[in-house]
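Observations on the three-dimensional arrangement
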Amino acid sequence: MEATRKKASIRHPWTFIPTLYFAQGIPYILINSVSVIIYKNLGIANATIAFWTSLLYLPWVIKMFWSPVVEWYATKRQWILVTQLAMMGCLLLAALSLNLENFFFPSLIIFTLGAFISATYDIAADGFYLIALNPEQQAVFAGIRTVFYRGAVIFGSGFLVFFAGTLAEKLGNISLSWTYSLGLAAVIFGVIYLYHQFSLPYPIEDHTFKKAQSKIPFVEIITSYFQQPKIASIIAFILLYRFGEAMLLKLVSPFLLDKPEAGGLGLSTAEVGLVYGTFGVLALIIGGILGGIIVAKYGLRKTILPLALALHLPNLFYVYMAATQPPLSVVLLLVALEQFGYGMGLTAFMVYLMKIAKEPYQTSFYAISTGIMALGMMIPGLISGYLQQEIGYKAFFIVVCGLAVVGIATIFFLPWDEEIKA
């Protein structure tokens, strides 16, 4: 048995990193983005969609509170496998719930449970990455894991949406089309779970809870995080950097789907899958890779402002589209350009979060930062639908552009001392 563990512990990262992060991306995009399209297809109002699906960010906000448990109880390998199996079950239940007469709240409860499972998986997978790979491998596979995570985003928001839209046109049943689409995602999770039973290594550092370590240093972890220099500026940056984008995010799909007389672009579900989930995410991946190259070459401190502008300025495209309602070819181009800039700006943001994730609680620190980030996504999302319904799409997108200024301003107050080597 020991020989097997040692052999497994030196498996090449290519055998498990791609599937590990593909499995991380699918539930996140389905729960936080594709759910918006599902509910829009099924006739739920924009304000209701934006409010309740924004609350689905909550598990990622508060995951910091149970991240020490994942670090100390059982192995991260065990957490990964259990959460993958649980996610398969959640996706199956969500698929079936959409056929209920009063589907909204049952499906929302299942998505909420899935969000908690997915947030737990994120903690375990990121921690596993840090102990299963040596520092050189971590550097090499940092971009690779992002590519496969984004590949999952393409699959979830692109192929699965396109698949559901095409099925709906053929079957004439929207609920059933989404049942098949989510069911396919569940089957894929089952396959990944079976594959990981054999492919995941057994890192030596991935130990179970020991009686000698009788206390989880939860208070110490939280205290250490909030004792960082200029922590107020850091928190303001994490909360506000993506504030305008968070307002935009929940209304992009309804904007693309709504009829022209309602201020939208009148695209079909399949076209939205093509525009936002395929070409858009491909552009996002390219932007993310280019952003990483720029940061690596010139340093984060010099590049974070221009990369932030690359993220926020393309929001003006939505003002233009709301005013002119251009043809599909123009929409494809503008959404791709917006996602390209988003990929560049998001890379700078995530690099900063990694820089402030310090030892000895690196996994927990990163979980806290991403939890605060999720809070910054959730709060504006809660009100975005109501605001859009009151003022219309064009005025709403103008407000989004104005809020971007606040996020950019926080950059000027960030600490750039020896403790944050950027």
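What to know about the nonpolar core
Note that soluble globular proteins tend to have their nonpolar side chains buried in a common cluster. Grouped together as the largest cluster of nonpolar side chains are 93 residues, with contacts concentrated most on Leu20, Leu30, Phe255, Leu256, Tyr318 and Phe397. Not counting chain neighbours up to four residues away, the residues in contact with leucine 20 comprise Ile80, Tyr121, Ala125, Phe128, His196 and Leu200. Within the second largest apolar cluster, 39 residues are counted, among which are Phe237, Ile304, Leu353 and Met373.

Examining the side chain of glutamine 388
Residue placement: glutamine 388 occurs in helix α17 (residues 362-409). Judged by relative accessible area, glutamine 388 falls into the buried class, the value being 6%. Beyond its immediate stretch of four places on either side in the chain, glutamine 388 contacts Asn46, Leu251, Tyr393 and Phe396.

Focus on the environment of glutamine 84
Take glutamine 84: it is sitting in helix α6 (residues 76-97). Of the residues examined, glutamine 84 reaches a relative accessible area of 0% and is grouped as buried. Distance in space between the C-alpha atoms of glutamine 84 and serine 118 is 8.4 Å, their sequence separation being 34 residues. When near neighbours in sequence (up to four residues on either side) are disregarded, glutamine 84 contacts Ala23, Tyr121, Phe189, Ile192, Tyr193 and His196.

Considering the packing of helix α3 (residues 46-55) against α17
For any two helices packed against each other, one specifies the inter-axial angle together with the distance between the axes. Two elements in contact, α3 and α17, have axes whose closest approach is 7 Å; the angle formed by their N-to-C orientations is 170°. As the angle between them shows, α3 and α17 are arranged roughly antiparallel. Facing Asn46, Ala47, Ala50, Phe51, Ser54 and Leu55 of α3, the residues of α17 in contact are Met378, Gly381, Leu382, Ser384, Gly385, Tyr386, Gln388, Gln389 and Tyr393. Partitioned by chemical class, the residues of the contact of α3 with α17 number eight nonpolar, seven polar and no charged.

Reading guide: rules and limits
Residues numbered from 1 in each chain as written. Predicted model: local features only at pLDDT ≥ 70, side-chain atom pairs only at ≥ 80, totals over all residues. Heavy atoms only, no water. Core = buried A, V, L, I, M, F, W, Y, C linked by side-chain atoms within 4.5 Å. Buried < 20%, exposed > 50% of the residue type's maximum accessible area, 1.4 Å probe, protein only. Contact = heavy atoms within 4.5 Å. Helix = DSSP H or I, 4+ residues; strand = E, 2+ residues; numbered from the N terminus. Axes fitted to C-alpha atoms, helices over the stretch in contact; angles between N-to-C directions. Parallel < 35°, antiparallel > 145°, perpendicular 65-115°, else oblique. Nonpolar A, V, L, I, M, F, W, Y, C, P; charged D, E, K, R; others polar.

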